[in-house]
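Below, each chain spelled out in residue letters.
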Amino acid sequence: MARPPLTDAELIERYGPHLNQAPPGGWNAGIEVDRVVDTHCCFCGQQCGIKLKVHDNEVVGFEPWYDFPFNEGKLCPKGVKRYLQGSHPDRVLYPMERDETAPGGFRRVSWDHALDRVVSEIRRIQDEYGPNSFAMLSGVSLTNEKSYLIGKFARLALHTANLDYNGRYCMVSAGAGNKKALGIDRASNPWSDIPLADVVWTAGTNIAETFPITTSYIWKARDRGARLIVQDPRVVPHARTADLFLPVRPGTDSALFGAVLHELIRHDWLDHDFIDAHTNDFDQAAAAVADMTPAWAADVTGVPRARIEQAAEWWGTSATGMLLHARGIEQQSKGVDNVLGAINLGLATGKFGKPGCGVTTITGQGNGQGGREHGHKCDQLPGNRDITNPEHRAHVASVWGCDVDEIPGKGIPALEIIEAIHAGEIKGLLSICFNPLVSSPDSNFTREALDRLEFYSVIDFFVSESGHHADIILPGSLHEEDEGTSTSGEGRIIKINAAVEPPGEARLDWQILVDLADRLGSGHYFPYTDTHQIFEELRLASAGGTADYRGATWERIEAEYGLFWPIPEEGHPGTPRLYEGGRFYHPDGRAKFHAVPYRLPGEVVDDDYPVWLTTGRVVSQYLSGTQTRRIAALVAQYPEPLCEMHPQLAERIGVADGDLVTVTSRRGTITLPAHVVATIRPDTVFIPYHWPGDKAANQLTQRVVDPISKMPEFKVSAVRVERAGGRVATTDVRDFDLQGGAT
Ligand SMILES: Nc1nc2c(c(=O)[nH]1)N[C@H]1C(S)=C(S)[C@@H](COP(=O)(O)OP(=O)(O)OC[C@H]3O[C@@H](n4cnc5c(=O)[nH]c(N)nc54)[C@H](O)[C@@H]3O)O[C@H]1N2
Ligand SMILES: Nc1nc2c(c(=O)[nH]1)N[C@H]1C(S)=C(S)[C@@H](COP(=O)(O)OP(=O)(O)OC[C@H]3O[C@@H](n4cnc5c(=O)[nH]c(N)nc54)[C@H](O)[C@@H]3O)O[C@H]1N2
Ligand code: SF4
Ligand SMILES: [Mo]
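All of these numbers come straight from a predicted model, not from anything done at the bench.

(A) Quick look at the environment of H646. Mapped onto the fold, H646 is located in the loop between β24 (643–645) and α23 (647–653). Given a relative accessible area of 4%, H646 falls into the buried group. Spatially, the C-alpha atom of H646 lies 4.9 Å from that of P682, the residues being 36 residues apart in sequence. Polar contacts involving the side chain of H646 include one to the main-chain amide nitrogen of Q648, which spans 3.0 Å.

What follows is the structure, encoded as structure tokens:
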């Protein structure tokens, strides 16, 4: 049931007199506001509730939405500035066609011309090279309705198997690990469980910068006396107050998790009843770690042995505990192994399905959860179904009203699509909500690939760096211009509400796709006149799948501040905490341990490339930066990429903070200012990846992928770091004393 809004007195009691107070004169002082729309942030997977203030079809500001239970009014720097995108002068207002003679390389064309050109190129390429020679790449900043529509569009209008999405670079290692071990792919817990944990262990996540609202849940746990363990090559902000910091060498997390399991077994800090009643294959996991002693792991990971032992003791002897992981352990060629290694620790100690107990990924993109459930992936159909499973295909074909054989088979994942373009096997591409030139590994290779396309069309509201390589740009819609649902990192389905209409000739993303489907001769499969109809069909298509939305209605989602799937029938309360009573989602109801032997990353340091490079994020920029690099206040906070390095490394190469350094890998080179900090391992540098062109960190990264998830190894490369233009060579820093360094 909807909760009544908080009174001013309650607000002050809950948040204190100085927090989130309206400015003198009230929130609306100085701006005219026609209406205020309850919706959610367009950026990360936390999906904070926010109220957008609208005047004359423009979002002019925001108010905190205190009632929304996840963030209770709190927002991060990106959330409070997101409204500045809508009326940005760079907004694409009409369709554009490549024309080298026109200013900016594009000329304005009519919608009819643009759509007809796209359709005729799709036909030409598919007639000449076959249906799979035209690929589609998509993204999960899009709603569930759009994700679902895109899956159906690629299969029934484009007739291509080759659809994949940017979650391939984000959530897939967690997804694959979750499915293998637990039989379902969703956060194990609602975030309200975090404060109930006696140990909070974060592995490979910089939550204070990337999931700022989660920080407040961790503080609540700490206020109760919980211990905080942080596993990261950098002393990220929330690690500054950690009880135990594990300064892991990039790419070695599975060795650390293995040694912790080894210790849990050696001391018998195990929940035998849980293991016997609710799991399979413990013996295999145990055998794989038999030789993974803390001393061995200290050598491999660079984490002092005593800290590994301490982590095992705290995890093994506490009644409750949650392990939260993100891209630090997942974006590796061992991403799935790392996730399985983390889950093994939860299963061994019975930390699943109880209040304050869980091992969970933190979802990245806005709809990184819902977008990985409804048929957006190259091997997937709605409801997180398998496109190669005959029963799953038959169910979806019955909802779509098509012949089973009309649904193409399994396609290739995102990076392989780019490689197939480079190899000349894929000739045409339609992309929506994906900027591969900035976000794919090895950007020089990606650029070559995009230039080899015979035809490329992009649906976006800004011209991204990838968009500059397009033949046709179709102006799509911004988050606040369309309605639908999104599923937050907790597994909570929430309602996005439209605040304004697309400006100029821009159109709603879903309408562009429906229009294209119509022109491609498949209009009968796409009879929608609004997004609610798409959601109603999604419910049926997901019914009976693991990601079951059958019982979710827009009305209940709004009235109850979201619903947690699985929600198999109407009236069902939803499932905030998975695995209650030790019931997992494999057919026998048991979870599965996995043997995780240690193996090396795809590339290791050597004499020529002696420093580890890892990449990631800063608080004020978002993903490929197309949106946040256009918002002045966010740019001011972190205007250009910096190369974070330890004073010991800086001294060895003769640079001071702010000096230019050149970082070179086997793929490329980048020159940028050094940011000398004592909070990073001396053998590692960190570069955020939000910038294009010669500022792109992905010039350095490699195309090695995890064998199961096909996730690229964004977190581990070998590089050389030199003073820019200088003669000082980098020396080997692998033997640096960590005790005097990052710890
Ligand atoms: N401000 C901001 N917030 C965001 C985003 C954004 O772009 N900007 N993007 C959203 C999305 S899509 C995502 S996926 C999430 C990502 O959220 P996070 O995963 O938290 O962010 P990253 O910065 O990619 O990486 C996290 C940490 O991994 C560490 N790390 C690097 N290599 C290793 C390793 O080998 N082992 C371990 N244990 N740690 C390692 C890095 O030092 C870094 O602190 O953030 C979401 N939130
Ligand atoms: N080196 C390195 N590389 C990485 C990572 C890393 O940690 N290190 N992280 C990876 C991760 S986790 C991720 S998630 C990817 C993200 O990589 P991308 O998905 O390529 O990044 P975005 O910036 O989200 O690009 C999306 C594009 O879609 C547009 N867009 C956003 N919302 C909408 C919408 O509603 N409709 C339409 N039509 N367009 C929209 C934006 O304007 C932008 O141009 O990057 C990956 N790349
Ligand atoms: S934490 Fe994520 S969802 Fe919340 S305001 Fe920040 S970017 Fe938006
Ligand atoms: Mo992501």
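(B) Highlighting the packing of helix α11 (residues 294–301) against helix α12 (residues 305–317). Contact pair α11 / α12: the axes reach a minimum separation of 8 Å and the direction vectors enclose 120°. For the element pair α11 / α12, the angle class is oblique. Classified by chirality, the crossing of α12 by α11 is right-handed. Between α11, through P294, A295, A297, A298 and T301, and α12, the contact on the second element is made entirely by R305, I308 and E309.

(C) Quick look at the site of ligand 3. Within the structure, ligand 3 sits among C41, F43, C44, Q46, Q47, C48, L75, C76, K78, G79, P212 and I213. Looking at the shell around ligand 3, the elements that each hand over two or more residues are α2 (77–81) and α7 (212–223). In the shell around ligand 3, the residues fall into eight nonpolar, three polar and one charged.

(D) Here's a closer look at the sheet that holds strand β1 (residues 35–40). In spatial order, the strands read β1-β2-β3; together these three strands make up an open sheet with antiparallel pairing. Each edge of the open sheet is held by one strand with a lone partner, namely β1 and β3 (58–64). With direction set aside, neighbouring strand axes in the sheet form an average angle of 35°. Examined bridge by bridge, strand β2 (residues 49–55) and β3 share six bridges and lie antiparallel to one another. When the sheet's bridge partners are listed, H55 is paired in β3 with E58.

(E) Structural context of the packing of aromatic side chains. Counted by the stated rule, this structure contains 23 aromatic pairs. Relative to Y561, the ring of W65 has its centre 6.2 Å away and its plane inclined at 55°; by these criteria the two rings are tilted. Taken together, the residues span a long stretch of sequence, with W65 in the loop between β3 and α2 and Y561 in the loop between α21 (554–559) and β21 (563–564) at a distance of 496 residues. Comparing W65 with Y561 shows no difference in burial state: the two are buried. Here the aromatic rings of W201 and F257 are separated by 6.2 Å at their centres, their planes lie at 45°, and the arrangement is tilted. Taken as a pair, W201 in strand β8 (residues 199–203) and F257 in helix α8 (residues 253–266) lie far apart in primary sequence, 56 residues in all.

(F) Spatial organisation of the site of ligand 2. As a structural note, the neighbourhood of ligand 2 is formed by 30 residues, with N166, S439, D460, S624 and N698 the closest of them. In the environment of ligand 2, an oxygen atom lies 3.1 Å from a nitrogen or oxygen atom belonging to the side chain of K715. Contact with the protein chains hides 99% of the accessible area of ligand 2, taken as 910 Å² for the molecule alone. Listed by contribution, the elements that provide at least two residues to the shell around ligand 2 are β17 (455–460) and β23 (611–616).

(G) Here's a closer look at the side chain of Q380. Structurally, Q380 is set in strand β14 (residues 380–381). Within the local environment of Q380, its side chain forms a polar contact with the backbone nitrogen of G375, the two atoms lying 2.9 Å apart. Among residues more than four places away in sequence, those in contact with Q380 are R155, R372, E373, H374, G375, R385 and I387.

(H) Representation of the packing of helix α15 (residues 390–400) against helix α20 (residues 531–542) within the structure. Interhelical geometry of α15 versus α20 gives an angle of 155° and a closest axis separation of 9 Å. It follows from the interaxial angle that α15 and α20 lie roughly antiparallel. Here α15 runs over α20; the crossing is right-handed. Along the contact surface, α15 presents H395, V399 and W400, while α20 presents E537, L540 and A541.

Thresholds applied
- Residues numbered from 1 in each chain as written.
- Chains lettered and ligands numbered in written order.
- Predicted model: local features only at pLDDT ≥ 70, side-chain atom pairs only at ≥ 80, totals over all residues.
- Heavy atoms only, no water.
- Helix = DSSP H or I, 4+ residues; strand = E, 2+ residues; numbered from the N terminus.
- Buried < 20%, exposed > 50% of the residue type's maximum accessible area, 1.4 Å probe, protein only.
- Polar contact = N/O pair within 3.5 Å; in protein donor to acceptor, adjacent residues only side chain to side chain.
- Axes fitted to C-alpha atoms, helices over the stretch in contact; angles between N-to-C directions.
- Parallel < 35°, antiparallel > 145°, perpendicular 65-115°, else oblique.
- Left-handed = near helix turned anticlockwise from the far one by under 90°.
- Contact = heavy atoms within 4.5 Å.
- Near = heavy atom within 4 Å.
- Nonpolar A, V, L, I, M, F, W, Y, C, P; charged D, E, K, R; others polar.
- Pairing = 2+ DSSP bridges.
- Phe/Tyr/Trp six-rings, centres within 6.5 Å; stacked < 30°, edge-to-face > 60°.
- Areas by Shrake-Rupley, 256 points an atom, 1.4 Å probe, with all protein chains shown as cover.

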